[in-house]
Amino acid sequence: MDRKAELLLLAVVLVLLLLSLLPFSSLSLNQDFCIADLAAIYTPAGYPCKPPMFVTADDFYYGGLAGSSGPPLKPSNVALGSATVAEFPGVNGLAISAARMDITPGGAVPLHSHPGGTELVYVLEGSLVSGFVSATLNKVYAKTLRKGDLMVLPQGQLHFQYGVGNTTAVIISAFNSANPGAQVMDYALFANDLPAEVVSKVTNLDELQVVKLKALFGGSG
């Protein structure tokens with residue numbers, strides 16, 4: 001191979017390397033918007049675009065977070081409303097989404113993480129404690145939040161909230177992802193089909209307690 005060919009090959013390799021370091025590009029970056037076609041298959045870049053001729057103003061609107069988020073979920077006593085791409089196709093490819101939580105007195109949001117995005121919490125009503133556990137230090141960073149307060153919860157970190165006081169706490173969360181995802185530790189541990197004996201071994205919990213928790217969260221095994 002001559003010197004010119006070697007330089008050309010090196011240039012191609014460098015370009016491919018640089019491209020591999022860039023975030024996966026959004027389907028909407030080269031156009032005004034990309035309303036999600038939810039009937040299609042979701043990809044790392046989002047959903048394919050709905051044909052522009054079928055897009056209306058309604059595609060850019062979502063009223064699902066207005067009013068109450070619905071009845072509180074058991075056993076957490078927290079009502080959740082989501083505005084991710086699955087509920088709000090207009091955010092497809094725009095690296096943004098939202099959620100609402102209504103935490104009744106005594107309610108608690110269990111430890112969970114969002115592998116796909118950072119969460120910014122804003123308190124609309126009431127007060128709550130919000131915090132996260134650092135993955136590298138296992139240190140807890142927690143604050144009592146009141147109406148008008150903000151807290152940021154870094155991507156991928158286990159975090160939680162619980163209400164304080166005698167009124168329902170209402171928070172709006174914004175994410176820097178159209179699909180931040182969520183893994184709730186309680187469901188990961190006890191809603192699966194892993195045998196209770198194995199869960200007991202890997203968590204150091206009493207096996208009878210594991211069986212009880214599996215029944216509570218709908219697990220098997």
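Conventions we followed
Residues numbered from 1 in each chain as written. Predicted model: local features only at pLDDT ≥ 70, side-chain atom pairs only at ≥ 80, totals over all residues. Heavy atoms only, no water. UniProt positions renumbered as here; feature names shortened; annotations may be inferred. Disulfide = S-S within 2.5 Å. Helix = DSSP H or I, 4+ residues; strand = E, 2+ residues; numbered from the N terminus. Buried < 20%, exposed > 50% of the residue type's maximum accessible area, 1.4 Å probe, protein only. Pairing = 2+ DSSP bridges. Axes fitted to C-alpha atoms, helices over the stretch in contact; angles between N-to-C directions. Arc of directions from axis to C-beta. Contact = heavy atoms within 4.5 Å. Polar contact = N/O pair within 3.5 Å; in protein donor to acceptor, adjacent residues only side chain to side chain.

- For the protein, an unreviewed UniProt entry supplies the name Germin-like protein and the organism Urochloa decumbens.
- Recorded in UniProt under Function (unreviewed entry), the annotation for the protein is "May play a role in plant defense. Probably has no oxalate oxidase activity even if the active site is conserved."

### Overview of the state of the cysteines
Here is step 1 of the chain: Per the counting criterion, the structure on display carries 1 disulfide.
Here is step 2 of the chain: In this model, Cys34 is linked to Cys49 through a disulfide, with the two sulfur atoms separated by 2.1 Å. Around the S-S axis, the bridge from Cys34 to Cys49 shows a dihedral of about -110° and counts as left-handed. With Cys34 in the loop between helix H1 (3-21) and strand S1 (78-83) and Cys49 in the loop between H1 and S1, this residue pair connects regions lying 15 residues apart in the sequence.
Here is step 3 of the chain: Look at Cys49 and you get partly exposed, because its relative accessible area is 29%.

### Digging into the sheet that holds strand S9 (residues 169-175)
Here is step 1 of the chain: Read from one edge of the open sheet, 5 strands run S1-S2-S9-S4-S7, paired in antiparallel fashion. Single-partner strands in this sheet number two, and they are S1 and strand S7 (150-153). Each strand of the sheet is rotated relative to its neighbour by a mean of 20°, with strand direction disregarded.
Here is step 2 of the chain: Where strand S4 (residues 119-125) and S7 come together, 4 bridges link them in antiparallel fashion. In the strand pairing of S7, Val121 is matched with Met151.

### Some thoughts on unusual backbone geometry
Here is step 1 of the chain: Residue Pro75 follows Lys74 across a cis peptide bond; omega there is 0°.
Here is step 2 of the chain: By the secondary structure assignment, Pro75 is in the loop between H1 and S1.
Here is step 3 of the chain: In this structure, Ala95 takes a positive phi of about 55° despite not being glycine.
Here is step 4 of the chain: Mapped onto the elements of the fold, Ala95 is located in the loop between S1 and strand S2 (97-103).
Here is step 5 of the chain: Judged by relative accessible area, Ala95 falls into the partly exposed class, the value being 47%.
Here is step 6 of the chain: A positive phi angle, close to 65°, is found at Asn204, a residue other than glycine.

### Brief notes about helix H4 (residues 207-217)
Here is step 1 of the chain: Among the residues making up H4, those that are buried are Val210, Leu213, Lys214 and Phe217. All buried residues of H4 project into a common sector of 105° when viewed along the axis, lining one side. Of the exposed residues in H4, those oriented more than 90 degrees away from the buried face are Leu208, Lys212 and Ala215.
Here is step 2 of the chain: For H4, the elements touching its buried residues are helix H2 (185-190) and helix H3 (196-203).
Here is step 3 of the chain: The residue sitting at the N-terminus of H4 and contributing the capping side-chain oxygen is Asp206; that oxygen lies 2.9 Å from the backbone nitrogen of Leu208.
Here is step 4 of the chain: Phi for Gly218, located one or two positions after H4, is positive at around 85°.

### Focus on the UniProt feature "binding site: oxalate" (unreviewed entry) in the protein
Here is step 1 of the chain: If you check UniProt for "binding site: oxalate" (unreviewed entry), the listed places come out as His114 and Glu119 in our numbering.
Here is step 2 of the chain: Residue position: His114 is located in the loop between strand S3 (108-113) and S4.
Here is step 3 of the chain: Judged by its relative accessible area of 8%, His114 falls in the buried class.
Here is step 4 of the chain: With residues near it in sequence (within four places) discarded, His114 still touches Glu119, Gln155, Gly156, His159, Phe175, Pro180, Gly181 and Ala182.
Here is step 5 of the chain: With respect to the helices, strands and loops of the structure, Glu119 is situated in strand S4.
Here is step 6 of the chain: For Glu119, a relative accessible area of 2% gives the class buried.
Here is step 7 of the chain: Not counting residues up to four positions away in its chain, the partners in contact with Glu119 are His114, Met151, Val152, Leu153, His159, Ser173, Ala174 and Phe175.
Here is step 8 of the chain: Here the side chain of Glu119 touches His114 through a polar contact of 3.2 Å, side chain to side chain.

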